[in-house]
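Spelled out from the first residue to the last, the chains are:
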Amino acid sequence: MMVGHALLAFGVAALVAQRFWSAERALAFGVVAGVFATIPDVDMTYAVIGLAQAGFGGVWHMTAAFWGSSQLVHRAVTHSLVVAAVAGPAFVLATGNWPHKMVSAGLLAVLVWIALGTSGLLGAGVMLVFVVVGTVAALVADSNTDLGPRALLLAAVFGLASHPFGDVFTGSPPRFFYPFDVTLLHSRLALLSDPTLNLLAIFGLELGLAWFAAVVYFSLRAGDARRELREHVHPRAALGVGYALAALVIPAPTLSVSYQFVFSVLAVGAIGVGPQLHPERPFRPVRSPTAWVCTGMAAVTLAVIAYAGMYAFS
């Protein structure tokens, strides 16, 4: 999932950066790395074309058309460590003076040209979207943070290069060394042999990344992540346990057919939205988006654990 890529890059980047910089600068560095970690998934824009061509034919028909068309270029053109090594510096050069901008334009044009020769017009079009989005992200980061060119370069390269490693558990493995014909993984990695438990384990890994990012965020903002998490998780998150009953209603999910489970279990996160009582003024509710997110995460976490228990012992 795109969110998982961003959370992993944010957490690792901010955690390392706080050893050298202030908490505020480390957070900015983590956020920029997280943004760049999502950019490789712009290759999914082609899938929208396939969806439009399929027309409206029911949810599952449209879903199949979406994923089928995405596989033509997904996890290839933009999911490459080679591309990241070139695109990262090129994006940062775009934030410099005119000579730097010209070098940036030349490097990015080379990437589009290589994609054209290797993957045709489709690959070139996807690469063009990638370079435009990456350049805009670099310009926005440069104008809204004080990271400077070197820090921005580290954040961009780390974010881009970390992305493909998060895709080794789902779908087809990324082409780590595109455009070169070198295969690192021939098939995705499985955490468990049971297909449903394997999906639940991967989903749990995503949740673990979310909690990891939350711990890093609170440790940098407040210093005491454990106390902050306790204060930001409302007891109503325990209602998520009720999702265990879904194991009796929806078909057992797998990586091939996971939509019913994923959409429904994420909906449990709505439990997090609601007022929280002020610790010093009990009759004054506090509307805290941070508490909503943490409570929703806790509810979803309990829902997945309860569902896994019901599935395993039923």
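Quick caveat, the model's predicted, so the values are computed rather than measured.

### Re the overall build of the protein chain
Summing up its helical and strand segments, the protein chain has eleven helices and two strands in all. In the protein chain, the succession of helices and strands from N to C terminus is α-α-α-α-α-α-α-α-α-α-β-β-α. Burial analysis of the protein chain (314 residues in total) assigns 43% to the buried set. When contacts within the protein chain are restricted to residue pairs at least 6 apart in sequence, long-range pairs at least 24 apart make up 71% of them. When the accessible surface of the protein chain is summed, it comes to about 16,000 Å², and 70% of that surface belongs to carbon and sulfur atoms.

### Description of the environment of D41
Structurally, the position occupied by D41 is in the loop between α2 (23-38) and α3 (45-54). Overall, the relative accessible area of 12% leaves D41 in the buried class. As a C-alpha pair, D41 and H5 span 36 residues in sequence and 9.7 Å in three-dimensional space. A polar atom in the side chain of D41 sits 3.3 Å from the side chain of H79.

### Section: the packing of helix α5 (residues 81-93) against helix α6 (residues 98-144)
At a minimum axis separation of 3 Å, α5 and α6 run at an interaxial angle of 145 degrees. Looking at the contact of α5 with α6, its residues break down into 15 nonpolar, four polar and one charged.

### Here we look at a nonpolar patch on the surface
Residues L128, V132, V136 and V140 make up a contiguous nonpolar surface patch of about 330 Å² in total accessible area. Note that V136 resides in helix α6.

### Quick notes on the side chain of H79
Looking at the secondary structure, you find H79 in the loop between α4 (59-70) and α5. Among the polar contacts made by the side chain of H79, one reaches the side chain of T78 at a distance of 3.1 Å.

### With respect to the nonpolar core
One finds F36, F91, M127, F130 and L160 to be the most contacted residues of the largest nonpolar core, which totals 43 residues. Ranked by residues supplied to this core, first place goes to α6 with twelve residues. If sequence neighbours within four positions are ignored, F91 has contacts with F36, L108, F130, V131, G134, T135, A138 and L160. Of all hydrophobic cores here, the second largest spans 18 residues; its members include L199, A246, F261 and A298.

### Some details on the environment of L152
Turning to its location among the elements, L152 is positioned in helix α7 (residues 148-162). Residue L152 is classed as buried on the basis of its relative accessible area of 2%. Between the C-alpha atom of L152 and that of V32, which follows or precedes it by 120 residues, the distance is 7.7 Å.

### Focus on the confidence of the model for the protein chain
Predicted confidence across the protein chain gives a mean pLDDT of 86, with 86% of residues reaching 70 or more. Taking the mean pLDDT of every element in the protein chain, the minimum, 51, falls on α4 and the maximum, 97, on α5.

### Overview of the packing of aromatic side chains
Throughout the structure, instances matching the rule amount to ten aromatic pairs. Considering the side-chain rings of F261 and Y307, the 5.1 Å spacing of their centres and the 50 degrees angle between planes classify their relative orientation as tilted. Pair noted here: F261 is in helix α10 (residues 259-267) and Y307 is in helix α11 (residues 289-313), with a separation of 46 residues, a long-range link. According to the relative accessible area criterion, Y307 is buried, its value standing at 1%.

### Here we look at α7
Since one α-helical turn is 3.6 residues long, residues separated by three or four positions face the same way. Counted at 1.5 Å a residue, the expected span for α7 with its 15 residues is 21 Å, and the 21 Å between its end C-alpha atoms agrees. Within α7 the residues assigned to the buried category are A151, L152, A155, A156, G159, L160 and S162.

### Section: the pattern of salt bridges
Tallying each qualifying case throughout the model produces three salt bridges. For D146, the salt bridge goes to R25, with nearest N and O atoms at 3.8 Å. On the criterion of sequence distance, the pair formed by D146 in the loop between α6 and α7 and R25 in helix α2 is long-range, its members being 121 residues apart. We classify D146 as exposed; its relative accessible area is 56%. Between R227 and E231 there is a salt bridge whose closest N-O contact spans 3.0 Å.

Rules used throughout
Residues numbered from 1 in each chain as written. Predicted model: local features only at pLDDT ≥ 70, side-chain atom pairs only at ≥ 80, totals over all residues. Heavy atoms only, no water. Helix = DSSP H or I, 4+ residues; strand = E, 2+ residues; numbered from the N terminus. Buried < 20%, exposed > 50% of the residue type's maximum accessible area, 1.4 Å probe, protein only. Contact = heavy atoms within 4.5 Å. Areas by Shrake-Rupley, 256 points an atom, 1.4 Å probe, with all protein chains shown as cover. Polar contact = N/O pair within 3.5 Å; in protein donor to acceptor, adjacent residues only side chain to side chain. Axes fitted to C-alpha atoms, helices over the stretch in contact; angles between N-to-C directions. Nonpolar A, V, L, I, M, F, W, Y, C, P; charged D, E, K, R; others polar. Patch = residues over 30% accessible without salt bridge, like charges linked within 9 Å, V, L, I, M, F, W, Y side chains within 5 Å. Salt bridge = Lys/Arg side-chain N within 4 Å of Asp/Glu carboxyl O. Core = buried A, V, L, I, M, F, W, Y, C linked by side-chain atoms within 4.5 Å. pLDDT = per-residue confidence, 0-100. Phe/Tyr/Trp six-rings, centres within 6.5 Å; stacked < 30°, edge-to-face > 60°. Expected span 1.5 Å × (residues − 1).

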